[in-house]
Amino acid sequence: CGWLPAASMAEHLAGACPQRHVPCPLGCGMSLPARVVESHTANECPRRVVMCDTGHDRKGCGARVYADDQRRHELEECPKRSVACEYCGEMVPLETMPTHMGTTCLRVMLRCPNGCGVVVPRGLIGEHLAGACAKRTISCRACDAKIWADEVDWHDRKECPKRMLTRAVGGAGCGARSEADTADT
């Protein structure tokens, strides 16, 4: 600080000396030279308030947190933090996880919308509905009726008006095969 008269030294040390040690005004517990207090509180102090800047876009959630709590906030609390989807493993912002799970994730398991009882990954539901679903609607090869895939045999044997019937041999029929008519059902 230079040379000062002895009489003013106590006053200088108490208020004007840039080398005097003062406690951090933010309460971090540090005692530091008065000349660095402004820099400390703006850039270094763990008790300074910072804005959250986590997330995939680094915009953060906007929460104001203490600098020493920022890492914990970003890893445990921030709604914009990325978390792994439990089905596909993709890193997704936590706040969009419900949308990801509800409409986007191809590995989320879905119950067949036709009601066949099968549970398949969303990415395979179209394939299931088109070819494996017992409750998919297909056309009868003979009469063109719309029937469920799991009822083809029943329809072919019992319901199809164009099914082939065997006439009883002995008595009323000759044993020939003929198309069913509506009276024979």
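Calculation notes
- Residues numbered from 1 in each chain as written.
- Predicted model: local features only at pLDDT ≥ 70, side-chain atom pairs only at ≥ 80, totals over all residues.
- Heavy atoms only, no water.
- Helix = DSSP H or I, 4+ residues; strand = E, 2+ residues; numbered from the N terminus.
- Buried < 20%, exposed > 50% of the residue type's maximum accessible area, 1.4 Å probe, protein only.
- Contact = heavy atoms within 4.5 Å.
- Salt bridge = Lys/Arg side-chain N within 4 Å of Asp/Glu carboxyl O.
- Arc of directions from axis to C-beta.
- Core = buried A, V, L, I, M, F, W, Y, C linked by side-chain atoms within 4.5 Å.

**A closer look at the overall build of the chain**
Working step 1: When you go through the chain residue by residue, the secondary structure sums to six helices and 12 strands.
Working step 2: Every one of the 185 residues in the chain was classed for burial, and the buried ones make up 25%.
Working step 3: For the chain, contacts bridging at least 24 residues in sequence account for 3% of all contacts bridging at least 6.

**Remarks on the pattern of salt bridges**
Working step 1: In the structure shown here, the tally under the stated rule is six salt bridges.
Working step 2: We note a salt bridge from E95 to K80, for which the minimum N-O separation is 3.0 Å. Taken as a pair, E95 in the loop between strand 6 (91-93) and helix 4 (97-104) and K80 in the loop between helix 3 (70-77) and strand 5 (82-84) lie far apart in primary sequence, 15 residues in all.
Working step 3: Across the pair K135 and D150 runs a salt bridge, and its minimum N-O distance is 3.3 Å. Taken together, the positions of K135 in the loop between helix 5 (125-132) and strand 9 (137-139) and D150 in the loop between strand 10 (146-148) and helix 6 (152-159) put the pair 15 residues apart, joining distant regions of the chain.

**So, unusual backbone geometry**
Working step 1: At D144, a position not held by glycine, the phi torsion is positive, near 70°.
Working step 2: Mapped onto the elements of the fold, D144 is located in the loop between strand 9 and strand 10.
Working step 3: Take D144: its relative accessible area is 54%, and that puts it in the exposed class.

**As for helix 3**
Working step 1: Here helix 3 has its buried residues at Q70, H73 and E74. An end-on view of helix 3 places all buried positions within 95° of arc, on one side of the element. Exposed side chains of helix 3 directed beyond 90 degrees from the buried face belong to R71, L75 and E76.
Working step 2: On its buried side, helix 3 packs onto strand 3 (49-51) and strand 4 (64-66).

**Here's the deal with the nonpolar core**
A general trend in soluble globular proteins is that nonpolar side chains are found buried together.
Working step 1: Core analysis: the largest hydrophobic core is formed by six residues, namely V22, C24, L32, A34, V37 and C45.
Working step 2: Not counting chain neighbours up to four residues away, the residues in contact with L32 comprise R20, H21, V22, C24, V37 and H40.
Working step 3: C85, V92, M97 and V108 belong to the second-largest nonpolar core, a separate cluster that totals five residues.

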